[in-house]
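Observations on the three-dimensional arrangement
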Amino acid sequence: VQLQAFGGGLVQAGGSLRLSCAYSGRTFSSAVMGWFRQAPGKEREFVAQITWSGSVYSDSVKGRFTISRDTAANMVYLQMNSLKPEDTAVYYCAARQNVYANFDSWGQGTLVTVSS
């Protein structure tokens, strides 16, 4: 499985950004897709996940971020609205075979910087 995340950049607080992740490899339609982030000096943390039954979000982004997928295009997206400086991080897309497995495929990360 190969994942390539892109779409990061510099945005002012309150602004929006959409991250994209291109997926190739094993069957995309059955994979569980997720977004994680790692801020400077901090551990990587879960942001959002999407399965066929729905999506879940961390409390810190709930109501501001939306994860979605385009199965035909093998793409996953993370729409980020009302961005805050504390959202500044390298964002990674990830995949796992199902909700019982670990995330075992990771993209290279894309940097999001939110200025105050």
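Quick caveat, the model's predicted, so the values are computed rather than measured.

1. Details of the nonpolar core
Note on soluble globular proteins: their nonpolar side chains tend to be buried together. Core analysis: the biggest nonpolar cluster contains 29 residues, and Met 33, Trp 35, Leu 78, Met 80 and Tyr 91 have the highest contact counts within it. Looking at this core, the elements with two or more residues in it are strand S1 (2-6), strand S3 (17-24), strand S4 (32-38), strand S5 (45-51), strand S7 (65-70), strand S8 (75-80), strand S9 (89-96) and strand S11 (110-115). In contact with Met 33, other than residues within four places in its own chain, are Leu 3, Tyr 23, Phe 28, Ala 48, Gln 49, Ile 50, Ile 67, Arg 69, Val 76, Ala 94, Ala 95 and Phe 103.

2. Quick word on the side chain of Arg 69
On the secondary structure map, Arg 69 appears in strand S7. Of the side chains with opposite charge, Asp 70 comes closest to the buried, unpaired Arg 69, at an N-O distance of 8.6 Å. Within the local environment of Arg 69, its side chain forms a polar contact with the backbone oxygen of Ala 31, the two atoms lying 3.0 Å apart. Not counting the four nearest positions on each side in its chain, Arg 69 is found in contact with Phe 28, Ser 29, Ala 31, Met 33, Ile 50, Thr 51, Met 75 and Val 76.

3. A word on the sheet that holds S3
Spatially, the 4 strands line up as an open sheet ordered S1-S3-S8-S7, and their pairing is antiparallel. The open sheet has two free edges, formed respectively by S1 and S7, since each of these has just one partner strand. Averaged over all neighbouring strand pairs, the angle between strand axes comes to 15°, with direction disregarded. Pairing between S1 and S3: 5 bridges, direction antiparallel. The residue bridging Phe 6 from the neighbouring strand is Ser 20, located in S3.

4. Observations regarding the packing of aromatic side chains
This model, assessed by the stated rule, comprises 4 aromatic pairs. Ring plane angle 55° and centroid distance 6.4 Å describe the contact between Phe 103 and Trp 106, whose orientation is recorded as tilted. Given a relative accessible area of 16%, Phe 103 falls into the buried group. You can call Trp 106 partly exposed: its relative accessible area is 32%. Three or more aromatic residues link up through ring pairs in this structure, and these residues are Phe 36, Phe 46, Phe 103 and Trp 106. Seen from the ring of Tyr 77, Arg 18 lies directly overhead, with NZ or CZ sitting 4.2 Å from the centre. When the ring centre of Tyr 92 is taken as reference, the NZ or CZ atom of Arg 44 above it lies at 4.8 Å.

5. Remarks on the state of the cysteines
Overall, the coordinates contain 1 disulfide when judged by the stated rule. Covalently, Cys 21 is tied to Cys 93 through a disulfide, its sulfur atoms 2.1 Å apart. Its S-S torsion of approximately 60° makes the covalent link between Cys 21 and Cys 93 right-handed. In this pair, Cys 21 sits in strand S3 while Cys 93 sits in strand S9, placing the two residues 72 residues apart along the sequence. The pair Cys 21 / Cys 93 is uniform in exposure class, with both members buried.

6. Considerations on the side chain of Arg 96
The topology assignment puts Arg 96 in strand S9. Only 3.2 Å separates the side chain of Arg 96 from the backbone oxygen of Val 99, close enough to count as a polar contact.

Cut-off values and rules
- Residues numbered from 1 in each chain as written.
- Predicted model: local features only at pLDDT ≥ 70, side-chain atom pairs only at ≥ 80, totals over all residues.
- Heavy atoms only, no water.
- Core = buried A, V, L, I, M, F, W, Y, C linked by side-chain atoms within 4.5 Å.
- Buried < 20%, exposed > 50% of the residue type's maximum accessible area, 1.4 Å probe, protein only.
- Helix = DSSP H or I, 4+ residues; strand = E, 2+ residues; numbered from the N terminus.
- Contact = heavy atoms within 4.5 Å.
- Lys, Arg positive; Asp, Glu negative; His and termini not counted.
- Salt bridge = Lys/Arg side-chain N within 4 Å of Asp/Glu carboxyl O.
- Polar contact = N/O pair within 3.5 Å; in protein donor to acceptor, adjacent residues only side chain to side chain.
- Pairing = 2+ DSSP bridges.
- Axes fitted to C-alpha atoms, helices over the stretch in contact; angles between N-to-C directions.
- Phe/Tyr/Trp six-rings, centres within 6.5 Å; stacked < 30°, edge-to-face > 60°.
- Lys NZ or Arg CZ within 6 Å of the ring centre and 35° of its normal.
- Disulfide = S-S within 2.5 Å.

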